[in-house]
Every structure is written in structure tokens, then in C-alpha cells.
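Residue-level listing of the chains:
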Amino acid sequence: MKNTDDLIVELTKNCKTQEDFNDLFRSLKKRGLEAALSGELTEHLGYDKHSRSTARKGNSRNGYSKKTVTTAQGKLELEIPRDREGEFEPQLVERHQTRFDGIDEKITSLYARGLSVRDIQEELSDIYGDGVSATLISNVTNAVIDDVKAWQSRALEPLYPILYLDCLVVKVRQDKRVINKAVYLALGVDADGHKELLGMWMSQNEGAKFWLGVLTDLKNRGLENTFIVCVDGLSGFPEAIEAVYPKAQVQSCIVHKVRSSLKYVSWKQRKQVASDLRKIYAADTIEAAELALEDFANQWDDDFPSISQSWLKDWEQLTPFFAYPKDIRKAIYTTNAIESLNMSLRKVIKNKRVFPSDDSVFKLIYLAMRNISKKWTMPIHNWKPAMNQFMIRFDQSQD
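Residues numbered from 1 in each chain as written. Predicted model: local features only at pLDDT ≥ 70, side-chain atom pairs only at ≥ 80, totals over all residues. Heavy atoms only, no water.

(A) Broad picture of the overall build of the protein chain. Along the backbone of the protein chain there are 17 helices and 7 strands. Within the protein chain, the fraction of its 399 residues that count as buried is 43%. Across the protein chain, the fraction of contacts at a sequence separation of at least 24, relative to all contacts at a separation of at least 6, is 64%. When the accessible surface of the protein chain is summed, it comes to about 22,400 Å², and 49% of that surface belongs to carbon and sulfur atoms. (Helix = DSSP H or I, 4+ residues; strand = E, 2+ residues; numbered from the N terminus. Buried < 20%, exposed > 50% of the residue type's maximum accessible area, 1.4 Å probe, protein only. Contact = heavy atoms within 4.5 Å. Areas by Shrake-Rupley, 256 points an atom, 1.4 Å probe, with all protein chains shown as cover.)

Structure follows, in C-alpha cells:
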């Protein structure tokens, strides 16, 4: 009997080119798949193909049907064994399966990176030849929609101590015209300090009224309590949050506030103004922050009086983070967590200048999120002491 090395030498002795090797691999895969399918039928019937007739009772083999499947070596025409009573259901290559070697996973992986249909075809052409059509790619990715719906309606944990709310804008074709739509995102931090995207919603414009619907949906899906809700400065946002989660503290994003404050400051003065604003939110205590705001007003009110007035007006929503340890404050006072997510998503959707439908938006963001969330393996730094403070303060607010 020949050993493995001798068999390899004999099999490859006539292979001179890459195509020769491809033909060999196709032949081996075809024979291997057909042998495995034959083995499945043997197990189903309970006797070997060449067993004596006395061992054969009841059902029996009934020839083959032909089936073409797309594999990493190109298209293969397989002979699928049949049984006389039609009870045999192949598992390796299922009845309606036309693709093998994880081609569906390859397509969804490339799609999740923001590649267009044409780009995906080009990426896979060297592997699968012309077997990957635009229709195939569309069918494979459209199958994700059911997963999106199940994910969007899944039950949530009763407590997410921190909730970040933000949105990004995409262009969608609707009624034969292209319009901007807002994709609302809710990112939660669970009781163990891990991030989780809780859902995504879409409307034509961002507004507090729609956010009220988003928060109500989260409540209906099981999110009973949250301690801190970090948002941008959208008008009416705190009222929408209070209507659904009256015990939650609303934390306006400091980063958004600083950007807004610097909007009308000249480039020459911007660095110094930003530095003086930092003295406010980087203060050790809220009392020190109030003094820093007074100093800022004395320094800059002659040139930019609206900045200090705006901070005073929103002081209640800007300062809840001062009640927590310094190590956890940055996770509370900024929507950086969700803005970082949005930045990653924008990199993915940049190739999609216009989405053909709302479903196509959800499909791409969902697939991209599956990739992004793989990196969310560690809890927020110093989470345990922060969680202890959350629980104490929340219990006190219930009294």
C-alpha cells in the first residue's frame, strides 16, 4: 500500500501549471464530497452499498441526481445519491444548497466592510470565477434582514447604567428622489461595564419627539432603568428622557458643548479658549468648576459673551458627572463611545453614496456592527467602583 508521500507524488506528477493544480483540487473535492454523501446515505439506510441483498430491507438506493454547487475551486457538478422512498436528506450538501466553502460568509464579510456589489464580485472572481453574480450577492445579504428584525426586537437587560444616544445621517433613495435620513443609535453599558448596541431606528429628521419613541421602544423591550443618559444638546431631549426614565440623570455631552462654544471663535484664539474651557470640566469638584466658569467669563465675555451664558444655561445637564470618581467621569461626560462607533460606521458607509432603501441601510449597519462589537471585550476602566456609586445613588433616589 502506498504511503501518503507516494500518493501525493503520483497525483501531482502531471501538474505543470496553476490550472493543472486547480483541476486536481476540483477533482479531489468532487470525489470527496460524493464519497461523503454516499456515506450519509449508507448511514440512513443502515447497510453498505455493496452489501448482500439479504441485508437490504425496506428502503434502498435509487441512483443519483445531478447538482451544481459553487465552491472555492469553482463550480462542481455533483452526483447526489437518492433513496427509493425519497426520505434521504443530505446534510453535507443540503437539498436546496447551491454554495459551499462558506461563500455566504465571505460575501457578508466583504459587504460588512462597505464594499459595493461590483467590488465584491471582483474580490471573489479569482476564487469563484463568474459564479458570484450581483443577484447572488443581493440574495445572500438580503437574508440578513430577518436577523436584523430579530435583533431589533430582542429582549434587553433590565438595567444599563449608562446610555448613549446619538444619530448619523445617510442618503436614501425614496419616491424617486434622494433624501437625508437620520439613523438613531442607542449604545448601552451593561451592569458589567461592557458596551452593547441596543438598537437602531430611522426617520427623515433628528428630533426629540422621535427620540421619545426610541426610548419608549427600549422600555417596552425590557430596559427598566438607566442611571446616566449621555446626549448631545438637542432641544427637548432632556424632557423626552424624563418622560420615560424619570430617575435618570441627563448628561449633556461636554465634547459637543465645547465644539459648539468654539464655533464662532477665531482660529487664532481657539486654542486658548479651548484650554480655558477645559479648566471647567476637568476641575476636581463642581465648586471648582463653578469658579473656573467665573474666571472664564471674566477672561472672555468681552469677546464671546454667549459662551459663558450658554454654559450657565445648561449647567444642570453639563455637571452630573462631577458626582462620580474622576476615573469614570470621561466615560460619562462625553458621547465619545458612540461617536467612535459612528466614525467606524461612516468608514463603512462612505462607499454607499446613496442607499436604495431603508432595509439596505439597516442591513449594512447591522453587519458592520457585528464586526465592530467583536472588539468590545473589556469593560470600562475602573467600572466596579463606579457601579457601586451608581447603585447607592439610585437606591437613594428611590427613597
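Read on, since the account is not over.
(B) Examining the packing of helix 10 (residues 267-281) against helix 11 (residues 286-300) more closely. Orientation of helix 10 relative to helix 11, taken along the N-to-C sense of each, is 155°, at an axis distance of 7 Å. Classified by the interaxial angle, the pair formed by helix 10 and helix 11 is roughly antiparallel. Across the interface between the two elements, Gln269, Gln272, Val273, Asp276, Leu277, Lys279 and Ile280 of helix 10 pack against Ala289, Ala292, Leu293, Phe296, Gln299 and Trp300 of helix 11. Grouping the amino acids of the contact of helix 10 with helix 11 by side-chain chemistry returns 8 nonpolar, 3 polar and 2 charged. (Axes fitted to C-alpha atoms, helices over the stretch in contact; angles between N-to-C directions. Parallel < 35°, antiparallel > 145°, perpendicular 65-115°, else oblique. Nonpolar A, V, L, I, M, F, W, Y, C, P; charged D, E, K, R; others polar.)

(C) Fine view of helix 11. Look at helix 11: 21 Å from first C-alpha to last across 15 residues, which is about the 21 Å you get at 1.5 Å a residue. Taken residue by residue, helix 11 has Ala289, Ala292, Leu293, Phe296, Ala297 and Trp300 as its buried positions. For helix 11, the arc enclosing every buried residue in end-on projection is 145°, short of the 170-degree limit, so these residues lie on one face. Away from its buried face by more than 90 degrees, helix 11 exposes Leu291, Asp295 and Asn298. At its buried positions, helix 11 is contacted by helix 10, helix 12 (305-313) and helix 13 (315-318). (Expected span 1.5 Å × (residues − 1). Arc of directions from axis to C-beta.)

(D) Up close: the nonpolar core. By size, the foremost hydrophobic cluster in this structure holds 79 residues, and its most contacted members are Val183, Met200, Val273, Leu277, Ile280, Trp311 and Phe390. No other element matches helix 16 (residues 358-372), which puts 9 residues into this core. Beyond its immediate sequence surroundings of up to four residues, Val273 is in contact with Leu262, Val265, Phe296, Trp300, Phe304 and Ile307. Within the second largest apolar cluster, 23 residues are counted, among which are Val229, Val231, Val244 and Ala248. (Core = buried A, V, L, I, M, F, W, Y, C linked by side-chain atoms within 4.5 Å.)

(E) Layout of the pairing of strand 4 (residues 177-189). Of all 13 residues in strand 4, 10 are buried; the element is thus mostly enclosed. Summarising the sheet, strand 3 (residues 162-174) and strand 4 pair through 13 bridges and their orientation is antiparallel. Bridge pairing in strand 4 places Leu165 opposite Ala186. Counting the residues in the hairpin turn of strand 3 and strand 4 gives 2 residues, including Asp175, whose phi is positive at 55°. (Pairing = 2+ DSSP bridges.)

(F) The arrangement of the pattern of salt bridges in detail. For the structure shown, the criterion picks out 7 salt bridges. Notably, a salt bridge pairs Asp314 with Lys257, separated by 2.6 Å at the nearest N-O pair. Placement of the pair is Asp314 in the loop between helix 12 and helix 13 and Lys257 in helix 9 (residues 254-261), with a sequence separation of 57 residues. Here Lys257 falls in the buried class, since its relative accessible area comes to 10%. Its salt-bridge partner being Asp314, residue Lys313 comes within 3.7 Å of it at the nearest N-O pair. (Salt bridge = Lys/Arg side-chain N within 4 Å of Asp/Glu carboxyl O.)

Nothing here speaks to function; it is geometry throughout.
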